[in-house]
Amino acid sequence: MKPAMTLPGAPYLARQAGDLRLDGHALAELASRFGTPLYVYSRAAMRDAFMAYERALAGRRHLVCYAMKANSSLAVLQTFAQAGAGFDIVSGGELARVLAAGGDASRVVFSGVGKTRAEMRQALQAGVRCFNVESETELDTLNEEALGLGCRAPVSLRVNPDVDAGTHPYISTGLKGNKFGIAHAHAVAAYRHAAALPGLHVVGIDCHIGSQITQLAPYLDALDRLLDLVEQVEAAGVPIYHVDVGGGLGITYTDETPPAATALVQAVLRKLDARGHGHREVLFEPGRSLVGNAGVLVTEVLVLKPGAADAGGKNFCVVDAAMNDLLRPALYEAWMGIEPCVQREGPCSTWDVVGPVCESSDWLGRGRELAVERGDKLAVLSAGAYGMAMASNYNTRPRAAEVMVDGPRVHLIREREDARTLFAGERLL
Ligand code: LLP
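Nothing here was measured: the structure is a model prediction, and the numbers come from that model.

> With reference to specific residues and values, describe helix H4 (residues 92-100).
Among the residues of H4, those classed as buried are Gly92, Glu94, Leu95 and Val98. Down the axis of H4, the smallest arc covering the buried residues is 155°, so these residues share one side. As for H4, its buried residues are in contact with helix H3 (74-83), strand E6 (86-89), strand E7 (108-110) and helix H5 (117-126). Its side-chain oxygen 3.3 Å from the backbone nitrogen of glycine 93, serine 91 forms the N-cap of H4. Just beyond H4, the residue with positive phi is glycine 102, at close to 90°.

> How would you explain the sheet that holds strand E2 (residues 19-22) if you had to name every residue and give the values?
Within the open sheet, the three strands sit side by side as E1-E2-E3. Their pairing is antiparallel. Every interior strand has two partners, whereas the edge strands, strand E1 (13-16) and strand E3 (25-26), have only one. Inspection of the sheet shows E1 paired to E2 by four bridges, in the antiparallel sense. Bridge pairing in E2 links glutamine 16 to aspartate 19.

> I'd like to hear about the site of the ligand, residue by residue, with values.
For the ligand, the set of nearby residues contains 19 residues, the closest of which are Ser211, Glu285, Arg328, Tyr332 and Tyr386. At a separation of 2.7 Å, a nitrogen atom of the ligand approaches a polar side-chain atom of tyrosine 332. Both domains that furnish three or more residues to the shell around the ligand are identified here as domain 1 (13-42 + 292-422) and domain 2 (111-286).

> Tell me about the nonpolar core, residues and numbers included.
Soluble, globular proteins show a tendency: their nonpolar side chains are buried together. Leu27, Val40, Tyr66, Phe80 and Phe131 are the most contacted members of the largest nonpolar core, which totals 123 residues. Each of domain 1 (13-42 + 292-422) and domain 2 (111-286) gives at least three residues to this core. If we skip the residues at most four places from it in the chain, phenylalanine 131 touches Phe110, Lys115, Met120, Ala123, Leu124, Leu142, Ala153, Pro154, Val155 and Ser156. Counting six residues, the second largest nonpolar core, distinct from the first, contains Leu63, Val109, Cys130 and Val203.

> How would you explain the pattern of salt bridges if you had to name every residue and give the values?
Side-chain pairs of opposite charge can arise whenever the charged atoms involved come near each other. The final tally for this structure, using the stated rule, is 25 salt bridges. Where arginine 275 meets aspartate 228, a salt bridge forms, and the shortest distance between an N and an O atom there is 2.7 Å. Here aspartate 228 lies in helix H8 (residues 217-235) and arginine 275 lies in the loop between helix H9 (261-274) and strand E13 (281-284), a separation of 47 residues in the sequence. Using a relative accessible area of 24% as the deciding quantity, one classes arginine 275 as partly exposed. Judged by its relative accessible area of 30%, aspartate 228 is partly exposed.

> So what's going on with the packing of aromatic side chains? Which residues, and what values?
Counted by the stated rule, this structure contains six aromatic pairs. Taken together, the ring pairs in this structure connect Phe50, Tyr66, Phe80 and Phe87 into an aromatic cluster. We note lysine 115 situated over the ring of phenylalanine 110; from NZ or CZ to the ring centre the distance is 5.4 Å. One residue, arginine 368, lies across the ring of tryptophan 335, its end atom 4.0 Å from the ring centre.

> Describe the packing of helix H6 (residues 136-148) against helix H7 (residues 187-196), naming the residues involved and giving the relevant values.
The relative placement of two packed helices comes down to the angle between their axes together with the axis-to-axis distance. As a packed pair, H6 and H7 sit with axes 10 Å apart at the nearest point and diverge in direction by 10°. Relative to H7, the element H6 lies roughly parallel. Between H6 and H7, the contacting residues are Glu136, Leu139 and Asp140 on the first element and Ala189, Ala190, His193 and Ala194 on the second. By residue class, the composition of the contact of H6 with H7 is four nonpolar, one polar and two charged.

> Any details on the state of the cysteines? Residues and values, ideally.
Where two cysteines share a covalent bond between their sulfur atoms, that bond is called a disulfide. Scanning the entire structure with this criterion turns up zero disulfides. Free cysteine: cysteine 65, not disulfide-bonded; nearest cysteine sulfur from cysteine 130 at 8.8 Å. Since its relative accessible area comes to 0%, cysteine 65 is described here as buried. With no disulfide of its own, cysteine 348 lies 12 Å from the sulfur of cysteine 317, the closest cysteine sulfur.

> Which residues make up the confidence of the model for the chain, and what are the values?
Low-pLDDT portions of the prediction should not be read for the details of their coordinates. Averaged over all residues, the pLDDT of the chain equals 95, while 96% of them reach at least 70. Ranking the elements of the chain by mean pLDDT puts strand E10 (residues 182-183) last, at 92, and strand E4 (residues 38-42) first, at 99.

> Explain the pairing of E6 residue by residue, including any values.
Burial along E6 is two-sided: the face carrying Gly86 and Asp88 and the face carrying Phe87 and Ile89 are both buried. Relative to E6, strand E5 (residues 62-67) runs parallel, the two being bridged by three bridges. In the strand pairing of E6, cysteine 65 is matched with glycine 86. Regarding topology, H3 serves as the crossover connection from E5 to the parallel E6, and that connection is right-handed. Sheet topology note: the E6/E7 ladder contains three bridges and is parallel. Residue pairing in the sheet places aspartate 88 in a bridge with valine 109 of E7. What joins E6 to E7 is H4, and the crossover it makes is right-handed.

Rules and cut-offs
- Residue positions are given per chain, counted from 1 along the sequence in the order it is written.
- Per-residue local features of the predicted model are confined to residues with pLDDT of at least 70, and side-chain atom pairs are confined, for both listing and counting, to 80 or more; whole-chain, interface and lining totals are unaffected and use all residues.
- Hydrogens and water molecules were not included; the side-chain quantities draw on all heavy atoms of the structure.
- Burial here depends on accessible area, computed with a 1.4 Å probe over protein chains only, as a share of the maximum for the residue type. Under 20% is buried, over 50% is exposed, and the range in between is partly exposed.
- Strands here mean DSSP runs of E at least two residues long; helices mean DSSP runs of H or I at least four residues long; both are numbered from the N terminus.
- What the arc measures is the spread of directions leading from the helix axis to the C-beta atoms.
- By the convention used here, residues are in contact when the closest approach between their heavy atoms is within 4.5 Å.
- Polar contacts, as used here, are pairs of N or O atoms within 3.5 Å; protein pairs need one atom able to donate a hydrogen and one able to accept it. Residues neighboring in sequence count only if both atoms are side-chain atoms.
- Only when DSSP finds a minimum of two bridges between them are two strands counted as paired.
- By convention in these notes, a residue is near a molecule or strand provided one of its non-hydrogen atoms lies within 4 Å of it.
- In this document the domain limits rely on a domain assignment from an automatic tool or a database.
- By nonpolar core we mean a set of buried residues, namely Ala, Val, Leu, Ile, Met, Phe, Trp, Tyr and Cys, connected to one another through side-chain atoms within 4.5 Å.
- Any carboxyl oxygen of Asp or Glu within 4 Å of a side-chain nitrogen of Lys or Arg constitutes a salt bridge here.
- Stacked, tilted and edge-to-face are the three classes assigned to paired rings of Phe, Tyr and Trp, where Trp is represented by its six-membered ring and a pair needs centres within 6.5 Å; plane angles under 30 degrees give stacked, over 60 edge-to-face, the rest tilted.
- Charge-over-ring contacts are defined here by two conditions on Lys NZ or Arg CZ: a distance within 6 Å of the ring centre and an angle within 35 degrees of the ring normal.
- Fitted lines through C-alpha atoms serve as axes, helices being fitted only where they are in contact, and the angles separating the N-to-C directions of these axes extend from 0 to 180 degrees.
- Under this scheme an angle from 65 to 115 degrees is roughly perpendicular, one under 35 degrees roughly parallel, and one over 145 degrees roughly antiparallel; angles in between are oblique.
- Following the grouping adopted for this structure description, the nonpolar residues are Ala, Val, Leu, Ile, Met, Phe, Trp, Tyr, Cys and Pro, the charged ones are Asp, Glu, Lys and Arg, and the polar ones are all others, Gly among them.
- Note on terminology: disulfide denotes any pair of cysteine sulfur atoms within 2.5 Å.
- Here pLDDT means the predictor's own confidence in every residue, given as a number from 0 to 100.
- Viewed with both strands pointing away, a crossover whose connecting path from the first strand over the helix to the second turns clockwise is right-handed.

Okay, here's the thing in structure tokens:
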């Protein structure tokens, strides 16, 4: 018998009498009803994660902008819009989604290292709250586009504070060698430049140092570096209204112990107060910490391929979800929990849980102790963030369906894709 453990996603995700349930809904039943692979999200888990930031920020001028790249499905955006969130977007497509979900452009910050002119115009016309600008070239282009439309673009400069977030190199973004942000040493000059352009209005400063951060120290170091700049920039006569500390707060996939959102917010507010910046509006851009542990990916076991023991072979458990559905293991060697939807009695074996795609990198979990049979349903845990949002159609695999549970209700929020629609826009010669 395995020792009882707390599941990531608890208390929303729990095992009851052998059945894995999200907000009380048995995942195996949802899989039978909607098919697999199937993403399932808890609306309450998302709302509660957001409210933790809100409660910690009560009494302060603030805006929590959900970094929608983590999960941009419309019903997810709607959930956050209704809870009062703003949005951090990185493309014109994301802006269109926010508006389609009932979000408010005046609560949108537009991040990203390479915005097109068309995206700038789209965002200016929609009236976004702020552009997070990452280079002097972008300042000039945005100035031209704003003047062309007869308006002024609100800008914040994304500064690269050169701190190590201590996370995976692919998702670490605040170091000198990264493509992101304006180097700390050039920031004052960039602010002077921005302030001199008639089509721009300087409103803030921002940074984002990485993702899946499990310590407070990198945030506080980055904030110190940001506040040093705020003081220098204001001394140069350019007022700065808001400070945006970015996103990046980690979640528990296995044994990580990231600070709670409340602890992060409190530490940031304390630092702002201690340095005499407590009056400023403060922005956060959380993605993963709002949705990651609010969702799972349910998949069915298609084939069991026990390895030949004499050949030192591995046991492969081939499931119907693959790297196209959930890329994180293949791309970052990310560890994500895998649990049977219905617990089986009997001995466990060690399995590599893999998908049907023709790549050896197509695995969801390696060396997992599972008692499993063909036809069983497994749940990949912590899959609410950067799961569906990074899904592709590789191998002409239709993307999964998505379900959101909301108290007693079950909503199909995205239909399973149909293979024919995948090539509907293509033409034969
Ligand atoms: N703000 C900016 C400017 C960002 O680039 C990001 C994430 C966020 C906020 C939200 O970060 P979060 O709170 O989610 O950590 N696909 C990777 C993560 C990439 C994160 C990219 N930027 C993964 O699956 O781990």
